[in-house]
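# Per-entry structural report
Each chain, letter by letter, is given below.
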Amino acid sequence: MKYLIWSFIFVNTFAHAEPYIPNDNDVIATSSTPLAATLTLQELATLFEQTQYAGQTESKQGLLKRYLEQQVNTSDDPEILYYYARVLQREHQFDEALAFLARVKELSPHHVNAALLTANILMVQGKFDDAKSECLNLIGHASIETVTTCSLDAQSQTGKLEESFQALKKIARKETMSLNTRHVLAEMAFRLNKPEQTIDYLATVNLKNSPVSLVVLWADAHLAMNNLDTVLSTLSALLDDSANLEDAILLRLAQAEKNKVDNQSNKWRLKLKERIILRELRQDLFHASDLTWYYLTIEENQSKARYWANINWKHAKMDSDKQLLKLANDID
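Treat the numbers as computed from the prediction; the structure is a model and nothing was measured.

## Topic: the overall build of the protein chain
Within the protein chain one finds 18 helices and zero strands. For the protein chain, buried positions account for 54% of its 332 residues. Across the protein chain, every contact between residues at least 6 apart in sequence was considered, and the portion connecting residues at least 24 apart equals 65%. Carbon together with sulfur atoms contributes 49% to the accessible area of the protein chain, which is approximately 14,600 Å² in total.

## Here we look at the state of the cysteines
In this structure the tally under the stated criterion is one disulfide. Two residues share a disulfide in this structure: Cys-135 and Cys-150, whose sulfurs sit 1.9 Å from each other. Residues Cys-135 and Cys-150 are joined by a disulfide whose S-S torsion is about -60°; by sign, that bridge is left-handed. Within this pair, whereas Cys-135 is found in helix 7 (residues 128-136), its partner Cys-150 is found in helix 8 (residues 144-155), the two being separated by 15 residues in sequence.

## What to know about the UniProt feature "repeat: TPR" (unreviewed entry) in the protein chain
Using the residue numbers shown here, the UniProt feature "repeat: TPR" (unreviewed entry) corresponds to residues 78-111. For the annotated span residues 78-111, helix accounts for 79% and strand for 0% of the residues, and the straight-line distance between the end C-alpha atoms is 8 Å.

## Examining the pattern of salt bridges
One pass over the structure, following the stated rule, counts 14 salt bridges. Residue Lys-65 is joined to Glu-91 by a salt bridge in which the shortest nitrogen-to-oxygen separation is 2.7 Å. Of the two residues, Lys-65 is situated in helix 3 (residues 61-72) and Glu-91 in the loop between helix 4 (78-90) and helix 5 (94-107); the sequence distance between them amounts to 26 residues. For the pair Lys-65 and Glu-91, one class covers both residues: buried. For Arg-279, the salt bridge is made with Asp-247, and the minimal N-O distance between the two is 2.7 Å. Highlighted residues: Arg-279 in helix 15 (residues 267-281) and Asp-247 in helix 14 (residues 247-259), separated in sequence by 32 residues. The exposure class assigned to Arg-279 is buried, which follows from its relative accessible area of 0%.

## Examining the packing of aromatic side chains
Under the defined criterion, the tally for this structure stands at five aromatic pairs. A ring pair is formed by Phe-48 and Tyr-83, whose centres lie 4.8 Å apart and whose planes are at 25°; its orientation type is stacked. With Phe-48 in helix 2 (residues 41-50) and Tyr-83 in helix 4, the pair connects residues that are 35 residues apart, well separated along the chain. With respect to class, Phe-48 is no different from Tyr-83; both count as buried. Measuring from ring centre to ring centre gives 4.9 Å for Tyr-84 and Phe-100, while their planes differ by 80°; the resulting arrangement is edge-to-face. Taken together, the residues Tyr-84 in helix 4 and Phe-100 in helix 5 connect sequence positions 16 residues apart. One exposure class covers both Tyr-84 and Phe-100, and it is buried. One aromatic cluster is present, built from ring pairs that chain together Phe-48, Tyr-82 and Tyr-83. Against the face of Trp-313 rests Lys-317, its NZ or CZ located 5.2 Å from the ring centre.

## Things to note about the packing of helix 9 (residues 161-171) against helix 10 (residues 179-191)
Where helix 9 contacts helix 10, the two axes come as close as 10 Å, and the packing angle between them is 145°. In this structure, helix 9 meets helix 10 at a crossing whose hand is left-handed. Residue-level inspection shows Leu-161, Ser-164, Phe-165, Leu-168 and Lys-169 of helix 9 in contact with helix 10, the latter providing Thr-181, Val-184, Leu-185, Met-188, Ala-189 and Arg-191. Taken together, the residues that form the contact of helix 9 with helix 10 break down as seven nonpolar, two polar and two charged.

## Brief notes about the nonpolar core
Ranked by internal contacts, the top residues of the largest apolar core, which has 55 residues, are Leu-235, Ile-249 and Leu-272. When residues of this core are assigned to their parent elements, the largest contribution, nine residues, is made by helix 12 (residues 212-224). When sequence neighbours within four positions are dropped, the list of residues in contact with Ile-249 reads Ala-54, Val-212, Val-215, Val-216, Leu-235 and Leu-238. In this structure, Leu-68, Val-104, Cys-150 and Met-318 belong to the second largest nonpolar core, which totals 36 residues.

## Details of unusual backbone geometry
With a phi close to 60°, His-92 is a non-glycine residue in the positive phi region. Tracing the backbone through its elements, the reader meets His-92 in the loop between helix 4 and helix 5.

## Re helix 14
Spanning 13 residues, helix 14 covers 18 Å between terminal C-alpha atoms, matching the ideal 18 Å at 1.5 Å per step. Taken across its 13 residues, helix 14 has 11 buried, putting it largely inside the fold. Three or more residues of helix 14 are buried, namely Asp-247, Ala-248, Ile-249, Leu-250, Leu-251, Arg-252, Leu-253, Ala-254, Gln-255, Ala-256 and Glu-257. Residues of helix 14 that are buried sit in contact with helix 12, helix 13 (228-236), helix 15 and helix 16 (288-297).

Scoring rules and cut-offs
Residues numbered from 1 in each chain as written. Predicted model: local features only at pLDDT ≥ 70, side-chain atom pairs only at ≥ 80, totals over all residues. Heavy atoms only, no water. Helix = DSSP H or I, 4+ residues; strand = E, 2+ residues; numbered from the N terminus. Buried < 20%, exposed > 50% of the residue type's maximum accessible area, 1.4 Å probe, protein only. Contact = heavy atoms within 4.5 Å. Areas by Shrake-Rupley, 256 points an atom, 1.4 Å probe, with all protein chains shown as cover. Disulfide = S-S within 2.5 Å. UniProt positions renumbered as here; feature names shortened; annotations may be inferred. Salt bridge = Lys/Arg side-chain N within 4 Å of Asp/Glu carboxyl O. Phe/Tyr/Trp six-rings, centres within 6.5 Å; stacked < 30°, edge-to-face > 60°. Lys NZ or Arg CZ within 6 Å of the ring centre and 35° of its normal. Axes fitted to C-alpha atoms, helices over the stretch in contact; angles between N-to-C directions. Left-handed = near helix turned anticlockwise from the far one by under 90°. Nonpolar A, V, L, I, M, F, W, Y, C, P; charged D, E, K, R; others polar. Core = buried A, V, L, I, M, F, W, Y, C linked by side-chain atoms within 4.5 Å. Expected span 1.5 Å × (residues − 1).

Here it is in structure tokens:
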């Protein structure tokens, strides 16, 4: 049973990468709201922000991708190319996303968001020195906090976690730090086995209007502190329709439900099992991390946990992925 304890020690894969979204005809969640024929850049930015929130990462992804595919074929606007790269990143088409980001840089050499997205993808690919260089290239074009957060995030993946955490704490003021810096600090604290500090960093965050990756981090920290009722009540209230909850959020609900003493309900475990069956039928490689954690913590299956952990490692090389691989392979 040791992996039931360790399941709350390591951050879920792709802490900053957004979850994979199946094609429109494959999505579990559906949307009946079509996109406008033409979106302003502000409307596009708002839509992207909203589609990071719980229950919305799948519902409009296919529509959004088709819209941008039409736009990139007729436009050299660096913003359109950047947003399309974000769509590709969400689907974990990392090399394709980097190619579009390279085009953005040709058109707009100091495009801050393109550089940050490039660094993020390079980190997921395990190219931490390249990611840090990408961050440092922003000096003079982005705030000190932005550059420092980006570079220390990359550095923390190279065996310098404590050093990076302390350095970032020194430059970030809790009252004024950006959501991204707050997210990175909270994640670093969690990786250092300090879940109480993670909870403190995220205490003022509105989970309904936060990226799914941040919601998952919040849940992992509370699970590590055995705040099971908090996880169950908070995550279940994120949406009226739980069918649209992302796999990673369903997983945390199922973990809290399973570990709650004298709990007779298996509501969340049944919902998650239905999703897992679907993912396995499709051989959905983009949910390999969630599948690994499922077979470590919910339906304990040594061979399946190892299988999916190795699949995950082929696609993601961050420290959390390394720890997950080790955990799956260390099962007795």
